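Breakdown of the fold
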Amino acid sequence: NAGVIQTPRHKVTGKGQEATLWCEPISGHSAVFWYRQTIVQGLEFLTYFRNQAPIDDSGMPKERFSAQMPNQSHSTLKIQSTQPQDSAVYLCASSLEPSAETLYFGSGTRLTVL
Amino acid sequence: GDQVEQSPSALSLHEGTDSALRCNFTTTMRSVQWFRQNSRGSLISLFYLASGTKENGRLKSAFDSKERRYSTLHIRDAQLEDSGTYFCAALNTGYQNFYFGKGTSLTVIP
């Protein structure tokens, strides 16, 4: 069990460029969560999937951010036209069942927008 | 507004001493999980509780089973390796989502 895998570990983009972040949940886990962490805001919920279906995206900025889970083995978070304020550590987590089980986190992707 | 209030925001402890961290919830929660974030940024799960208490070595956590509106994490005989940022995450009863506190930055001093 390799745990939750996030790639890349670090990404640097120029303002206005697109960034795609990848997450591979633990095999067999039905729930996948995306969070963003900054010094100022702390850990912010972005979105979550259950059995690949989007359940709650209330934390996603309405513009430029999108998340997908095309199959049970990976999810992507895409940020279009990145801005400096998007700089953060993006964390992915999975759990066997969202209502009953422990969250397991990946090591995160540190996004820096210049 | 914030569903989880975590305190204190920062804490310094001398080695060998004890302390407690707390999370208060603005509404009834189903369960709580405590994490420690290490210097590399990895969030490591310490405890998951749906009720009662759990203990692991020098760490002990409790979740108020009656009103389900707070949880505590006790650290006994603090060691240097306990330094890090501790987070609680509570699962809302109806929303199926985890809400995080803003963390407690713990520094253990020799």
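What counts as what
Residues numbered from 1 in each chain as written. Chains lettered and ligands numbered in written order. Predicted model: local features only at pLDDT ≥ 70, side-chain atom pairs only at ≥ 80, totals over all residues. Heavy atoms only, no water. Contact = heavy atoms within 4.5 Å. Salt bridge = Lys/Arg side-chain N within 4 Å of Asp/Glu carboxyl O. Polar contact = N/O pair within 3.5 Å; in protein donor to acceptor, adjacent residues only side chain to side chain. Helix = DSSP H or I, 4+ residues; strand = E, 2+ residues; numbered from the N terminus. Nonpolar A, V, L, I, M, F, W, Y, C, P; charged D, E, K, R; others polar. Core = buried A, V, L, I, M, F, W, Y, C linked by side-chain atoms within 4.5 Å. Buried < 20%, exposed > 50% of the residue type's maximum accessible area, 1.4 Å probe, protein only. Pairing = 2+ DSSP bridges. Axes fitted to C-alpha atoms, helices over the stretch in contact; angles between N-to-C directions. Phe/Tyr/Trp six-rings, centres within 6.5 Å; stacked < 30°, edge-to-face > 60°. Lys NZ or Arg CZ within 6 Å of the ring centre and 35° of its normal.

Once that is clear, we can look at the interface of chain A and chain B. Frequently, the measure chosen for interface size is the accessible area removed from exposure when the parts meet. Contacts between the two partners involve 20 residues from chain A, matched on the other side by 17 residues from chain B. Applying the counting rule to chain A against chain B returns zero salt bridges. The tally of links between chain A and chain B comes to three residue pairs in polar contact (both at pLDDT 80 or more). Sorting the residues of the side of chain A that touches chain B by element identifies β4 (31–38) and β5 (42–50) of chain A as the ones contributing at least two each. Partitioned by chemical class, the residues of the side of chain A that touches chain B number 10 nonpolar, six polar and four charged.

With 23 residues, the main nonpolar core has B:Phe25 and B:Trp34 as its most contacted residues. Among the secondary structure elements, those contributing two or more residues to this core are β2 (10–14), β3 (19–25), β4 (29–37), β5 (43–49), β7 (59–63), β8 (70–75), β9 (84–92) and β11 (104–109) of chain B. Once residues lying within four places of it in the same chain are set aside, the contact partners of B:Phe25 are B:Gln3, B:Val4, B:Val32, B:Phe63, B:Arg68, B:Arg69, B:Tyr70, B:Ser71 and B:Ala90. Ranked by size, the runner-up nonpolar core spans 19 residues in total, among them A:Ala19, A:Phe49, A:Ile79 and A:Cys92.

Take the sheet that holds strand β7 (residues 65–71) of chain A next. Strand pairing in a sheet is mediated by backbone hydrogen bonds. Such pairs are either parallel or antiparallel. All names here are of chain A. Sheet architecture is open: four strands sit in the order β1-β3-β8-β7, paired in antiparallel fashion. Both outer strands of the open sheet, β1 (5–7) and β7, are each paired with one neighbouring strand and no more. Sheet twist, expressed as the mean angle between neighbouring strand axes with direction ignored, is 20°. Bridge count for β1 against strand β3 (residues 19–24) is three bridges, and the pairing is antiparallel. Note on β3: the bridge partner recorded for Gln-6 is Cys-23.

Counted by the stated rule, this structure contains 10 aromatic pairs over all chains. Measuring from ring centre to ring centre gives 5.3 Å for A:Phe105 and B:Phe35, while their planes differ by 85°; the resulting arrangement is edge-to-face. Note that A:Phe105 is positioned in strand β10 (residues 104–105) and B:Phe35 in strand β4, a pairing that runs across two chains. Across this residue pair, the class does not change: A:Phe105 and B:Phe35 are buried. Site record: aromatic cluster; members linked through ring pairs are A:Phe33, A:Tyr35, A:Phe45, A:Tyr48, A:Phe105, B:Phe35, B:Phe98 and B:Phe100. If you follow B:Arg22 out to its NZ or CZ, it ends over the ring of B:Tyr70, 4.0 Å from the centre.

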